[in-house]
Amino acid sequence: MIDGATGSFVDKWLAVQPQQRVALGFVDERTRDERIALAALEQELVSSAYGIREPQVAAAKLQWWAEELSGAAASGGRHPLTKLLFGSDRARAIPANLWLAPVLAAMAQLEQGTPSDFSAQVAASRGLHGALAALENAWWFGPGAPVESASRIATLSHLVFALSRLELDAERERLPLPMTRLARHGLARAHLKADSPARREALRAQLGELAGGLREALALGEPLSTFRGLEGRTALSTARGAARAGEPLAELHRRQSRSGPATALRAWLAARHAARFT
C-alpha cells in the first residue's frame with residue numbers, strides 16, 4: 001500500500017514524468033501500488049546515477065542500493081519502496097541478477113565522458129536504462145518477456161529528457177550531444193549555454209534521430225508496461241514537435257509539463273497494448 005513513507009518517492013517520480021499521473025487511472029487497481037512502487041524505485045536509481053554531481057557520492061549511494069537489492073529477498077528490505085515490493089511474491093520470482101543489473105550499470109557509467117557519436121551514446125545509455133526496462137518487463141509480464149522494445153524506449157526517452165537539460169549540464173563530463181554532432185555544427189562546450197542557429201540545428205538533428213529510433217521501437221509490438229508505453233509515445237511526440245520548432249530547446253521545456261486530451265489518449269493506447277500481454 002502506498003502510504004506516507006512511500007508516497008514521497010512516488011511524488012518524485014511524478015515530478016519528473018508528470019504525464020504518468022494520467023496513466024495511473026489505467027493500471028489495474030489490484031496491482032497498481034506495486035507497479036507504482038517499481039516505477040518510483042527506477043526513478044531513485046536514475047536520480048542516484050545522474051542527480052549527484054560528485055562521482056564518489058553517487059558511487060556510495062549506488063553501493064547502498066546494491067546491498068539493499070541484493071539482500072532484499074532474504075531481509076524484506078529497509079527502504080520503504082523495497083519493503084513494499086518485496087512484500088510481494090512477484091519480487092522473489094524475478095531473478096536476483098535483474099534487480100542488481102541497473103545498479104551495476106549505473107556504477108559503471110559514473111565517470112564516462114561524452115560519447116563519440118549517436119550510436120555510441122545510445123549504447124552507453126542502454127546499460128542502465130535497458131536494465132531498468134528488463135526489470136520492469138519481468139515484473140509486469142514475467143522474467144521471459146521480450147525486452148528489446150522496452151529497452152530502446154527507455155534509453156531513447158532518457159536521451160530526449162537529457163537534451164532538455166542541455167544548458168544545465170554543459171559543464172558536466174557527459175554532454176547530452178555526442179562529439180560528432182558538436183563538431184559537425186561547430187559547437188564547443190561553452191556554446192551550449194546560449195541559443196544560436198548552430199545549436200538549434202544540432203538539437204534538430206539529434207531530435208530527428210531520437211524520434212526515428214522511438215518510432216521503430218514502438219513499432220516492434222513487444223510487451224511494454226503502461227508507464228513505458230506512455231513514456232515512449234510522449235517522448236516521440238516531444239522529439240517530433242521540438243525538431244520542427246523554431247526554438248527546439250524552448251519547445252522541449254514546454255512539452256515536458258504539457259498534459260491534456262492527447263496524454264489521455266496515449267495512456268489509453270499504452271494500457272491497451274500492455275493488456276495484450278497480461
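Up top is the structure.
Residues numbered from 1 in each chain as written. Predicted model: local features only at pLDDT ≥ 70, side-chain atom pairs only at ≥ 80, totals over all residues. Heavy atoms only, no water.

**Some remarks on helix α8 (residues 118-141)**
Working step 1: Helix geometry: α8 is bent most strongly at Arg126, by close to 50°.
Working step 2: The buried fraction of α8 amounts to 17 of the 24 residues, a majority that puts the element mostly inside the structure.
Working step 3: Between the side-chain oxygen at the start of α8 and the backbone nitrogen of Ser119 there is a gap of 3.4 Å, and the oxygen is on Asp117.
Working step 4: Positive backbone phi, approximately 105°, marks Gly142, located one or two places after α8. (Bend = angle between axes of the 7 residues up to and from the residue. Helix = DSSP H or I, 4+ residues; strand = E, 2+ residues; numbered from the N terminus. Buried < 20%, exposed > 50% of the residue type's maximum accessible area, 1.4 Å probe, protein only. Polar contact = N/O pair within 3.5 Å; in protein donor to acceptor, adjacent residues only side chain to side chain.)

**So, the packing of aromatic side chains**
Working step 1: Evaluated as defined, the whole model comprises seven aromatic pairs.
Working step 2: The interplanar angle of 70° and the centroid separation of 5.0 Å between the aromatic rings of Trp13 and Phe227 together place this pair among those described as edge-to-face. Here Trp13, found in helix α1 (residues 4-16), pairs with Phe227, found in helix α12 (residues 226-244); they are 214 residues apart in sequence, far enough to count as distant.
Working step 3: Look at Trp13 and you get buried, because its relative accessible area is 3%.
Working step 4: For the pair Trp99 and Trp139, a centre-to-centre distance of 6.1 Å together with 85° between the ring planes defines the contact as edge-to-face. (Phe/Tyr/Trp six-rings, centres within 6.5 Å; stacked < 30°, edge-to-face > 60°.)

**Here we look at the packing of helix α11 (residues 197-218) against helix α13 (residues 248-256)**
Working step 1: Across the interface, α11 lies against α13 with an axial gap of 9 Å and an inter-helix angle of 55°. In this view, α11 runs oblique relative to α13, as classed from their interaxial angle. Each of Arg199, Arg200, Leu203, Arg204 and Leu207 in α11 lies in contact with α13, whose residues at this interface are Pro248, Leu249 and Leu252. (Axes fitted to C-alpha atoms, helices over the stretch in contact; angles between N-to-C directions. Parallel < 35°, antiparallel > 145°, perpendicular 65-115°, else oblique. Contact = heavy atoms within 4.5 Å.)

**Regarding the pattern of salt bridges**
Working step 1: By the definition in use, this model includes 18 salt bridges.
Working step 2: A salt bridge links Glu148 to Arg126; its shortest N-O distance comes to 2.8 Å. Taken as a pair, Glu148 in helix α9 (residues 148-164) and Arg126 in helix α8 lie far apart in primary sequence, 22 residues in all.
Working step 3: Classification of Glu148 by relative accessible area gives partly exposed; the value is 28%.
Working step 4: A relative accessible area of 29% means that Arg126 is categorised as partly exposed.
Working step 5: Among the salt bridges present, the one from Arg181 reaches Glu209, with a minimum N-O distance of 2.9 Å. Residue Arg181 is found in helix α10 (residues 179-184), and its partner Glu209 is found in helix α11; the two are separated by 28 residues along the sequence.
Working step 6: Through salt bridges with shared partners, one network takes in Glu42, Glu136, Arg228 and Glu231. (Salt bridge = Lys/Arg side-chain N within 4 Å of Asp/Glu carboxyl O.)

**Section: a nonpolar patch on the surface**
Working step 1: Together, Phe26, Leu265 and Trp268 give the surface a local cluster of nonpolar side chains, amounting to about 290 Å² of exposed area.
Working step 2: Tracing the sequence through the fold places Leu265 in helix α14 (residues 261-275).
Working step 3: Take Leu265: its relative accessible area is 48%, and that puts it in the partly exposed class. (Patch = residues over 30% accessible without salt bridge, like charges linked within 9 Å, V, L, I, M, F, W, Y side chains within 5 Å. Areas by Shrake-Rupley, 256 points an atom, 1.4 Å probe, with all protein chains shown as cover.)

**What to know about the nonpolar core**
General note: in soluble globular proteins, nonpolar side chains tend to be found buried as a group.
Working step 1: Ranked by size, the top nonpolar core spans 46 residues in total, and within it Trp13, Leu41, Leu85, Trp99, Trp139 and Phe227 carry the most contacts.
Working step 2: With nine residues, the single largest contributor to this core is helix α3 (residues 32-50).
Working step 3: If we ignore the near neighbours within four places in the chain, the residues touching Leu41 are Trp65, Leu69, Leu81, Leu85 and Trp99.
Working step 4: Counting 24 residues, the second-largest nonpolar core is a separate cluster that includes Leu159, Ala170, Leu182 and Leu192. (Core = buried A, V, L, I, M, F, W, Y, C linked by side-chain atoms within 4.5 Å.)

**Examining the side chain of Gln121**
Working step 1: Within the element layout of this structure, Gln121 appears in helix α8.
Working step 2: Here the side chain of Gln121 touches Pro176 through a polar contact of 2.8 Å, landing on its backbone oxygen.
Working step 3: For Gln121, the residues in contact, after removing those within four places along its chain, are Pro115, Leu159, Leu175, Pro176, Leu177, Pro178 and Gln206.

**Quick look at α1**
Working step 1: Its 13 residues place the ends of α1 19 Å apart at the C-alpha level, agreeing with the 18 Å of an ideal helix rising 1.5 Å per residue.
Working step 2: Against α2 (20-24), α3, α5 (80-85) and α12 lie the buried residues of α1. (Expected span 1.5 Å × (residues − 1).)

**Side note on the environment of Ser157**
Working step 1: As for its placement among the helices and strands, Ser157 is situated in helix α9.
Working step 2: According to the relative accessible area criterion, Ser157 is buried, its value standing at 7%.
Working step 3: Sequence separation between Ser157 and Lys12 is 145 residues, and the spatial gap between their C-alpha atoms is 18 Å.
Working step 4: With residues up to four places along the chain from it excluded, the contact list for Ser157 reads Leu214, Glu231, Gly232 and Ala235.
Working step 5: A distance of 2.8 Å separates a polar side-chain atom of Ser157 from the backbone oxygen of Ile153.

In short, shape yes, function no, at least from these values alone.
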